[in-house]
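The residues making up each chain are set out below.
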Amino acid sequence: MAGFDLNASFDVTNSPRHEAKLGNEWWRSGVIYQIYPRSFADGNGDGMGDLAGITSRLGSLAALGIDAVWLSPFYRSPQKDAGYDVSDYCDVDPLFGSLADFDAMLAEAHRLGLKVLIDLVPNHTSDQHKWFQAALAGQNRDFYHFKPGRGDAGELPPNNWLSLFGGPAWTRIQDENGEPGEWYLHLFDSSQPDLNWANPAVQSAFEEILRFWLDRGVDGFRVDQPHAMAKAEGLPDHPDVERAGAGFIEGEAAPPMWFQPEVHPIFRRWRAILESYPGDRAMCGEAYVLPLSLMALWVRPDEFNQTFNFRFLDSDWSAATLFANINESFEAFDAVGAPSTWVLNNHDVIRHASRFGGSYGRATASDGIGPKSPQPNAEAGLRKARGATMFMLGLPGASYIYQGEELGLPEHTTLADEFRQDPTFFRTSGERVGRDGCRVPLPWEAGAGDANGFNQTGEAWLPQPEIYRAYSRDQQDGVAGSTLELYKQALHLRRELRLGEGSFAWLPEFTRDEVLGYCNGEVLVIHNFGNAQVTLPAGEVLLSSLHGMQTGHNLAPDQTVWLKLRA
Ligand code: NOJ
C-alpha cells in the first residue's frame, strides 16, 4: 500500500501492533551513534577531526549508553564531498590518520563494548580513483557510465538526468588529443563518477572491499545510496524530470536511476559474506525508497539488516503525520521480520533543534539555513527536539543518533559563504546553502581554545558559532536538566527496560491532534503537540523531556513523558 492515509485520523483499532522480540541480534534494537570524523574530535590540532581524536573520546560515548558507532567516510579522498568521494576504499586518508590509527580506534571501541559500523560508498568513486583515471586513459571504461553525447557534435548530454547537487548529471571529458570526447554520469558532484554495477568486475571488487574491512574486525557497514547503484539498461531519459527533478515521485514507476531490481542479488551476496564471519555483523542501507512497503523489500531476511527510516526522518512534527508514519513503519517492516529504525538527524539534514524551531520543509529535501534565511527559534526548537528524541527513543527497533544532538546543538545558521564546502552550495551558485551547518566541529570543553576543546589549537575546518560554547559537553555533564543528561537517562532507561526489544500499541485515549501516546510493555510514552496542558493517568514519571516534572503533574506543550502505570 502507498502509505497510511493522513486524513484517516487516528483509527487505533485498525493500526498495527508490534510484538516484543526479546533476546535477538543487537542491531534489531541497538542505538547507533553517528560519528562524523571531520568534526568529532581533532587529535593533531590541524582543524580536521581524526581517528586519534575519536579514540580519545570514545569513553564519553560509552558513558552515554549507546551500543554502536557508525563512522562517516575516513578513506583516502580528495574531500570534494566531505569524503563521500573515495579514491581508495582500503586506506585511511592522511587527514584522518592511518590504518594503524583505525585499528587502535576499533580495538578501543570493542574494549568499551561498542560495535563499529563504517560507511561504504558503492554508487560512485572519486574522479581521482585509479579506476576512473584508467577509464579516462581509455582502459576499462565499462567500470563507469561513459556515453557519447547527443546532438550533431555530441555536444548535448546523453540523457536528461540531473545531479542531486544541482545541474546536469553528465560531464564531458576531453580526449587525449584535446578534443571534446564522451560524457560520464555522476548523480552527485562531477568529481563523483557513478560506477557501472552491471559490470561483474565492479561487483567482485566491492566484495573484496567488504572482506578487507570485515577481516579487520568491523561489525558492519552503513551503505551509501544503494538505491542508485543499478541503472536501467541503455540509460533512458527520466520520464518526468520536470516534476521529479533528480528524484522520483512516490507511488509512480521508478525512474531509470532509482531502485532498479538488479540491486537485490548484489545485497544478497553481501549479506552472505557478512554472515560468513563470526559475530552479528550488520549492514544498514541508506535506501531512500518510498513508500515503506517498497523499502521493506530491501530488508528481507537475506538482504540489508536494516535501512534508514526516511519516512520518520521526513515527518513534520505533528500528531497526524507521526501517527500515519509510525503505522506505516510497523506494518512494512514487521511484514518482512525486519526492525524499523528511527532517526531524527544526520550529516545531511538541518539539526532537529533548529528544524523544529521554524519551517524548513522536509528534512531530506531542505536546502539548509543560511544567514539570509528566516532564523529558527532556538528555545522552541530545543524544547521540541528534546520531546521528539524521547518520543523516538521509546519506540521498539533500532535508533540512530547524530553526534552533537545529545548536546542539543543547533545548526550553524549564520556561517559565512567563505567557509562553505558543500558542493550543493557551489553547484547552485549559493542558492541552496547546503549541509555545512550541521557539520560544524563539536564543542567539548567551553573556552578550551577557539574551538571549545575540539582540539588544543583552536583550528577548525568550519568555525563554530559563538553560541556553541554554552552547549559544550563539560557545561552539561552531570548538570541536572541538561540535554546531555536527558539523553543519558533516556538511553540508560531504554536499555534497562529493554524498550528497543519491546512491543508497541497506540493508547486510544491519547491519540488525537493535540497528543500522541503509545505503550511499550509497561511504559507509556506520551507527547503533547497542542498548546494546552494534557492530564495524565496516574503513574510514576520515569523520565520527562522538561526538567523538574513530578509524578502527578500535567504534560506541558512540546513535552514527552515516559510513565509507568501504577500496579
Ligand atoms: C549520501 C550521503 O549521506 C551524503 O552526505 C553524500 O553527499 C551523498 N550520499 C553522496 O555520496
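How each quantity is defined
- Residues numbered from 1 in each chain as written.
- Predicted model: local features only at pLDDT ≥ 70, side-chain atom pairs only at ≥ 80, totals over all residues.
- Heavy atoms only, no water.
- Salt bridge = Lys/Arg side-chain N within 4 Å of Asp/Glu carboxyl O.
- Helix = DSSP H or I, 4+ residues; strand = E, 2+ residues; numbered from the N terminus.
- Buried < 20%, exposed > 50% of the residue type's maximum accessible area, 1.4 Å probe, protein only.
- Axes fitted to C-alpha atoms, helices over the stretch in contact; angles between N-to-C directions.
- Parallel < 35°, antiparallel > 145°, perpendicular 65-115°, else oblique.
- Contact = heavy atoms within 4.5 Å.
- Nonpolar A, V, L, I, M, F, W, Y, C, P; charged D, E, K, R; others polar.
- Phe/Tyr/Trp six-rings, centres within 6.5 Å; stacked < 30°, edge-to-face > 60°.
- Expected span 1.5 Å × (residues − 1).
- Arc of directions from axis to C-beta.

With that out of the way, let us pick up the pattern of salt bridges. Should the charged atoms of two oppositely charged side chains come close, the side chains can pair. The tally for this structure, following the rule as stated, stands at 37 salt bridges. Close ionic contact of Asp-194 with Lys-231 constitutes a salt bridge, the shortest N to O distance being 2.9 Å. One end of the pair, Asp-194, is in the loop between strand 8 (180-185) and helix 4 (200-216); the other, Lys-231, is in the loop between strand 9 (220-223) and helix 5 (241-244), with 37 residues separating them in the sequence. The same class applies to Asp-194 and to Lys-231, which are both buried. It is possible to trace a salt-bridge network through shared partners that takes in Asp-81, Asp-348, Asp-422, Arg-435 and Arg-439.

The contact between helix 11 (residues 378-393) and helix 15 (residues 483-496) brings their axes to 10 Å, and the two run at 10 degrees. With respect to helix 15, the axis of helix 11 lies roughly parallel. Contacts between helix 11 and helix 15 involve Leu-382, Arg-386, Thr-389, Met-390 and Leu-393 on the former and, on the latter, Thr-483, Leu-486, Tyr-487, Ala-490, Leu-491 and Arg-494. Split by residue class, the contact of helix 11 with helix 15 holds seven nonpolar, two polar and two charged.

A separate point is the packing of aromatic side chains. As enumerated under the stated definition, the model contains 42 aromatic pairs in all. Between Trp-197 and Phe-206 the ring centres are 5.0 Å apart and the planes differ by 50 degrees, which places this aromatic pair in the tilted class. Of the residues examined, Trp-197 reaches a relative accessible area of 3% and is grouped as buried. Taken together, the aromatic side chains of Phe-10, Phe-312, Trp-317, Phe-323, Phe-330, Trp-342, Phe-356, Phe-391, Phe-504, Trp-506, Tyr-518 and Phe-529 make up a single cluster linked through ring pairs.

Taking 1.5 Å per residue as the helical rise, helix 2 (residues 99-111) with its 13 residues ought to reach 18 Å, and the 18 Å between its terminal C-alpha atoms agrees with that figure. Those residues of helix 2 that sit buried are Phe-102, Met-105, Leu-106, Glu-108 and Ala-109. Down the axis of helix 2, the buried side of the element spans an arc of 165 degrees, and every buried residue falls inside it. Away from its buried face by more than 90 degrees, helix 2 exposes Ala-100 and Arg-111. Considering only its buried residues, helix 2 is in contact with helix 1 (51-64), strand 2 (68-71), strand 4 (88-92), strand 5 (115-120) and helix 4.

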